[in-house]
Amino acid sequence: MDEVNRHLLEIVRRYGTPTYAFDVRRLRAQVEKLRTHLPAAIEILYSLKANASLGICDVLRDCGIGADVASAGELATAIEAGFPSQRIFVAGPFKLPETLAQLRDLPAAVISVDSPSELQMLAGHRLPNPIVLRLRPDFDSQAVVAAGHESRFGFVGEDVASCRKLVNSRAVNVIGFHVFSGSQYLNAEGIVAHLRGALAISLRAADDLGIAPTLLNLGGGFGIPYASTAGELDLRIIGDELAMITEQMPTTRIVLELGRYLVAQAGWYLTSVLGHQTFQGRAAVVVDGGTHQRADMCGLCLRTKASPPLTLNAGMVPSRGAMDVSGKALVAGNSSEPAASALPLIPTDVLGCLSLPADVLTESSLLPRLEPGNVLAFANAGAYGLWSSPAMFHGSPLPAEVAFDGSEIQLMRERRSARSILDDQRHVNVRGHDA
Ligand SMILES: Cc1ncc(COP(=O)(O)O)c(C=O)c1O
């Protein structure tokens with residue numbers, strides 16, 4: 001059995017299912033790949049919106065990259081993880097009072113401003129922080145999740161020029177620009193087109209304001225292959241383009257913000273088979289997880305597009321009958337069981353445990369005959385999974401989150417109990433009208 005499968009089974013043995021497991025080596029390898037192929041002068045930020053787990057942030061901070069945050073909660077996490085404040089970028093369409101209060105203690109953190117209205121608001125707060133203006137792309141996006149000229153974010157048209165007086169008054173410290181045109185770019189040429197478009201609108205905006213930019217956040221959107229037929233992004237082509245940009249602008253900080261590319265492939269979603277069903281004439285199993293913990297599946301139609309899950313303990317018969325949903329009754333596989341690859345494969349749907357017809361984790365995947373207690377491991381689940389999910393649906397408790405670094409396993413988040421959904425809630429004292 002492959003080493004990662006063995007670690008995943010051990011995680012299930014200790015913490016049950018559903019559980020997210022994160023491969024720390026894979027996180028580090030992604031950072032290393034970027035360092036190998038992109039110019040050394042390019043600064044990388046981790047976009048916490050992809051997965052704001054503190055443990056993931058710890059690892060990425062330790063790799064020496066910065067943080068891109070878009071809320072007070074993500075900013076609190078970045079601070080707790082110890083990202084240096086000059087490498088924290090605070091974005092989002094309007095900064096809430098809590099974020100502004102945090103920024104008072106972080107004068108070196110960079111703020112990305114989304115509109116003239118927000119810039120005006122910030123001027124009133126007299127924050128000393130360096131500011132970049134987010135510009136809405138005027139070019140088409142080739143990203144799978146596009147945020148090009150049709151996006152709602154960023155300065156458009158005359159917006160930049162209309163702020164020239166305010167910028168020159170020095171009530172705000174505008175030092176550059178920020179452009180993001182979409183997530184999950186699958187080809188390097190699309191990213192090169194984005195970089196060229198982003199640089200062009202940034203230089204035009206600099207002229208409109210009469211400033212020489214010292215910082216450009218050129219976004220990113222680097223995608224990953226969810227289907228086995230998709231190829232890896234060619235970082236060399238992107239590296240060559242960025243080398244030209246850094247040569248052209250040797251005194252400007254050039255920054256990229258990446259979420260999915262850093263964390264998606266490090267994440268595994270582990271869930272256990274509870275029993276059998278049929279769905280649309282196909283064999284199906286119901287598992288103890290579901291799409292309420294996998295928002296990434298819905299946005300990208302992964303139920304039909306992603307590679308099938310691994311069956312970690314195929315052929316295994318659980319020793320204590322039906323599974324305990326808490327996972328405590330799980331039995332790890334043993335070397336005498338048949339290898340998954342030797343078993344006949346059956347087109348199978350994996351259905352989540354919600355009372356929701358659309359709660360399908362994979363459709364018509366070729367899997368061995370599954371039995372209660374089998375553990376399915378969904379790969380590439382590290383980005384926009386739990387952290388973008390309607391996780392409270394059906395009063396569901398949060399799953400466990402675990403990191404593994406080789407054979408070393410560390411709990412990141414305790415599995416919550418069913419009763420935990422009552423935490424922080426208060427009864428309403430209902431009285432009759434006459435009371
Ligand atoms: C402004 C911004 N920056 C960064 C990201 C992260 O994108 P990705 O996870 O594709 O790298 C997003 C994602 O939507 C975004 O909206």
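Cut-offs applied
Residues numbered from 1 in each chain as written. Predicted model: local features only at pLDDT ≥ 70, side-chain atom pairs only at ≥ 80, totals over all residues. Near = placed C-beta within 6 Å. Nonpolar A, V, L, I, M, F, W, Y, C, P; charged D, E, K, R; others polar. Helix = DSSP H or I, 4+ residues; strand = E, 2+ residues; numbered from the N terminus. Expected span 1.5 Å × (residues − 1). Buried ≥ 20, exposed ≤ 12 C-beta atoms within 10 Å, placed from the backbone. Arc of directions from axis to C-beta. Contact = placed C-beta atoms within 7 Å. Domains from an automatic or database assignment. Axes fitted to C-alpha atoms, helices over the stretch in contact; angles between N-to-C directions. Parallel < 35°, antiparallel > 145°, perpendicular 65-115°, else oblique. Left-handed = near helix turned anticlockwise from the far one by under 90°. Pairing = 2+ DSSP bridges.

## Re the site of the ligand
Taken together, 16 residues lie near the ligand, and Ser47, Phe180, Ser183, Gly259 and Arg260 sit nearest. Its residues placed into classes, the shell around the ligand shows 6 nonpolar, 6 polar and 4 charged.

## A closer look at helix H2 (residues 24–37)
Taking 1.5 Å of rise per residue, 14 residues should cover 20 Å, and H2 covers 21 Å from first to last C-alpha, within 8% of that figure. Here H2 has its buried residues at Leu27, Gln30, Val31 and Leu34. Viewed along the axis of H2, the buried residues span an arc of 95°, placing them on a single side of the element. In H2, those exposed residues whose orientation departs by more than 90 degrees from the buried face are Glu32 and Thr36. In this structure, the buried side of H2 is in contact with strand E1 (19–23), strand E2 (43–47), helix H3 (54–62), helix H10 (235–248) and helix H11 (260–263).

## Examining unusual backbone geometry
Residues Thr17 and Pro18 are joined by a peptide bond in cis, for which omega reads -5°. Mapped onto the fold, Pro18 is located in the loop between helix H1 (3–15) and E1. Phi angles above zero are rare outside glycine, and Arg126 is one such case at about 50°. Relative to the helices and strands, Arg126 resides in the loop between helix H6 (116–125) and strand E6 (130–134). Positive phi, close to 65°, is recorded for Arg170, a residue that is not glycine. Counting through the fold element by element, Arg170 comes out in the loop between helix H8 (164–168) and strand E8 (173–178). Of the residues examined, Arg170 has 9 C-beta atoms within 10 Å and is grouped as exposed.

## Focus on the domain arrangement of the protein
You can read the domains of the protein as domain 1 (23–264) and domain 2 (268–422). Each side of the interface is counted separately: domain 1 has 19 residues, and domain 2 has 17 residues.

## Let's talk about the packing of helix H9 (residues 188–209) against H10
Relative orientation of the contacting elements H9 and H10 amounts to 15°, with a least axis distance of 9 Å. Relative to H10, the element H9 lies roughly parallel. Handedness of the H9/H10 crossing: right-handed. Packed against H9, whose contacting residues are Ala188, Ile191, Val192, Leu195 and Leu199, the element H10 presents Ile237, Ile238, Glu241, Leu242 and Ile245 at the interface.

## Structural notes on the environment of Gly299
Structurally, the position occupied by Gly299 is in helix H12 (residues 295–299). Gly299 sits in the partly exposed class, given 14 other C-beta atoms within 10 Å. The spatial distance from the C-alpha of Gly299 to the C-alpha of Val144 is 9.9 Å, given a sequence separation of 155 residues.

## Focus: the sheet that holds strand E5 (residues 110–113)
One closed barrel accounts for 8 strands, arranged E2-E3-E4-E5-E6-E8-E10-E11; its pairing is parallel. On average, adjacent strands in this sheet sit at an angle of 30° to one another, irrespective of strand direction. Pairing of E8 with strand E10 (residues 215–220) involves 3 bridges; the strand directions are parallel. Looking at E10, one finds that Gly176 is bridged to Leu215. H9 contacts E6, E8 and E10 of the sheet and is inclined by roughly 150° relative to E10.

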